[in-house]
Amino acid sequence: MLPDLRTVDPVELTRLLCDIPSVSGDEAAIADAIEVALRSLPHLEVLRDGDAVLARTSLGRASRVVVAGHIDTVPVQGNLPTQVRTASAAEGEVLWGRGTVDMKGGVAVALHLAATVTEPAVDVTYAFYDHEEVEAELNGLGRIARHHPDWLAADFAILGEPTAGHVEGGCNGTMRLEVATAGRTAHSARAWRGHNAIHDLAPVLAALAAHESETVTVDGLDYREGLGAVGIGGGIAGNMIPDAAVVTVNYRFAPSRSADDAEAYVRTVLADALAGLDGATVTVTDVAPGARPGLDHPVAAAFVAAAVAATGAEVNPKYGWTDVARFSALGVPAVNFGPGDPNLAHADDERCPTAQITAVATALRAWLAPERAAD
């Protein structure tokens, strides 16, 4: 059980949430605790799908926003129960332990606001979902989007993923492709009788090495792209000419590009390298489109202004892929904004400065209830 959400401090709430078992696939206990705590609040309607819990206001406001966060963690590595520690002079007091960064701090802030901001300036849907740290098909937010898309209907969304208290708008898309070449097997002592498929990858690798990635401005943010080889395979035995080889390519593309645009771009980059290779193929094996930040939307602009004024937050693009892309697919612009250094997510010494948890809560309160921000 969680204490009364109206009275518990978000830092203490973070500690309590971290100490509830919640490794992906084992979220029932924390989902139950969150549901019970939210159902005690009369101003919220509470919904549940599996181990995902949503709570929402219905005040008839002109706009609705979603504040979301996942409740699961990667496996524990001797880093629970949570501890309060003093880290470096720069970090100050921290909460140390699994989930403090990714992302119980963001969840705690959302629960705190859900309980204490009873009359927000916009209607709010708070979404707490399961299975984010595992295969995409199990993701609780994706499941809700499939089963209950109306639950996520909004004008703007904030995902409480760790950003060290800065605003990271949207996210890049990601695509993996396999470039395969075909040769002819022969004994390596008579190499001229075969055709080396690994050697055929040389112009492909050269094209990738020579490529200069673009920086694309989207809604005022500069998204730096990335294109390169991330894996290579081929060969049969130490005395055989290989008849097949493959290089895996990853493309991180700006959210202004569609998946089709991204594939066409990669094929254009590799066109000359592949032109003289008989039997070479390019196959997309995985793709997840990015998300525009939509910072030109009035609700988003008001949020950014409040965050900058309250905490001095910077506004940056998100280069990695996050669940904001799921909101983008629903037509909802979204940003990432939460406590914790993302470089410490999943680390054995995962830790989050308590001041960042407080600062993020302050910024969101200033936006949701500006007339009460000083309370």
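Calculation notes
- Residues numbered from 1 in each chain as written.
- Predicted model: local features only at pLDDT ≥ 70, side-chain atom pairs only at ≥ 80, totals over all residues.
- Heavy atoms only, no water.
- Axes fitted to C-alpha atoms, helices over the stretch in contact; angles between N-to-C directions.
- Helix = DSSP H or I, 4+ residues; strand = E, 2+ residues; numbered from the N terminus.
- Left-handed = near helix turned anticlockwise from the far one by under 90°.
- Contact = heavy atoms within 4.5 Å.
- Nonpolar A, V, L, I, M, F, W, Y, C, P; charged D, E, K, R; others polar.
- Parallel < 35°, antiparallel > 145°, perpendicular 65-115°, else oblique.
- Salt bridge = Lys/Arg side-chain N within 4 Å of Asp/Glu carboxyl O.
- Buried < 20%, exposed > 50% of the residue type's maximum accessible area, 1.4 Å probe, protein only.
- Expected span 1.5 Å × (residues − 1).
- Arc of directions from axis to C-beta.
- Core = buried A, V, L, I, M, F, W, Y, C linked by side-chain atoms within 4.5 Å.

**Some details on the packing of helix H1 (residues 10–18) against helix H10 (residues 354–368)**
Then comes step 1: Contact geometry for H1 and H10: axes closest at 9 Å, N-to-C directions at 115°. Taken as a pair, H1 and H10 cross one another with a handedness that is right-handed. Between H1 and H10, the residues in contact are Pro-10, Val-11 and Thr-14 and Thr-354, Ile-357, Thr-358 and Ala-361, respectively.
Then comes step 2: Across the contact of H1 with H10, the residue classes tally to 4 nonpolar, 3 polar and no charged.

**Quick notes on the packing of H1 against helix H3 (residues 100–116)**
Then comes step 1: Where H1 meets H3, the closest approach of the two axes is 8 Å, and the angle between their N-to-C directions is 125°. Of the possible angle classes, the one that applies to H1 and H3 is oblique. Handedness of the H1/H3 crossing: right-handed. Listed contacts from H3 to Pro-10, Leu-13, Thr-14, Leu-17 and Cys-18 of H1 are Thr-100, Lys-104, Gly-105, Val-107, Ala-108, Leu-111 and His-112.
Then comes step 2: Looking at the contact of H1 with H3 residue by residue, the classes come out as 7 nonpolar, 4 polar and 1 charged.

**With respect to the pattern of salt bridges**
Then comes step 1: Under the counting rule described, the total for this entry stands at 20 salt bridges.
Then comes step 2: One salt bridge connects Glu-350 with Arg-98, and the closest N-O pair in it is separated by 2.8 Å. With Glu-350 in the loop between strand S18 (334–336) and strand S19 (351–353) and Arg-98 in the loop between strand S5 (93–96) and H3, the pair connects residues that are 252 residues apart, well separated along the chain. In terms of burial, Glu-350 and Arg-98 fall into one category: buried.
Then comes step 3: Asp-286 is paired through a salt bridge with Arg-176; the nearest N and O atoms lie 3.5 Å apart. Residue Asp-286 is found in strand S16 (residues 281–288), and its partner Arg-176 is found in strand S9 (residues 173–182); the two are separated by 110 residues along the sequence.
Then comes step 4: What makes Asp-286 partly exposed here is its relative accessible area of 31%.
Then comes step 5: Connected via shared salt-bridge partners are Asp-32, Glu-35, Arg-39, Arg-48 and Asp-51.

**Section: helix H8 (residues 298–311)**
Then comes step 1: Over its 14 residues, H8 runs 20 Å from end to end, which matches the ideal 20 Å to within 8%, given 1.5 Å per residue.
Then comes step 2: Buried residues of H8: Val-299, Ala-300, Phe-303, Val-304, Ala-306 and Ala-307, and no others. All buried residues of H8 project into a common sector of 165° when viewed along the axis, lining one side. When the buried face of H8 is taken as reference, the exposed residues oriented beyond 90 degrees from it are Pro-298 and Ala-309.
Then comes step 3: Packed against the buried residues of H8 are strand S3 (64–70), strand S7 (156–159), strand S8 (167–169), strand S17 (315–317), S18 and H10.
Then comes step 4: Within two residues after H8, Gly-312 carries a phi angle of roughly 75°, on the positive side.

**Re the nonpolar core**
Then comes step 1: Core analysis: the biggest nonpolar cluster contains 65 residues, and Leu-38, Phe-303 and Trp-367 have the highest contact counts within it.
Then comes step 2: If you tally residues by element for this core, the top one is H3, at 10 residues.
Then comes step 3: Excluding anything up to four places from it in sequence, Phe-303 contacts Phe-156, Ile-158, Val-167, Val-335, Phe-337, Leu-364 and Trp-367.
Then comes step 4: Residues Met-175, Phe-253, Ala-273 and Val-282 belong to the second largest nonpolar core, which totals 22 residues.

**A look at unusual backbone geometry**
Then comes step 1: Cis rather than trans, the peptide bond between Leu-80 and Pro-81 has omega equal to 5°.
Then comes step 2: Following Asp-102, the chain continues into Met-103 via a peptide bond in cis, with omega recorded as -15°.
Then comes step 3: Counting through the fold element by element, Met-103 comes out in helix H3.
Then comes step 4: Phi at Asp-219 is positive, roughly 50°, even though this residue is not glycine.
Then comes step 5: Here Asp-219 shows up in the loop between strand S11 (215–218) and strand S12 (221–224).
Then comes step 6: Despite not being glycine, His-346 shows a phi value in the positive range, around 75°.
Then comes step 7: Here His-346 shows up in the loop between S18 and S19.
Then comes step 8: Overall, His-346 belongs to the partly exposed group, its relative accessible area being 38%.

That is the geometry; function is a separate question.
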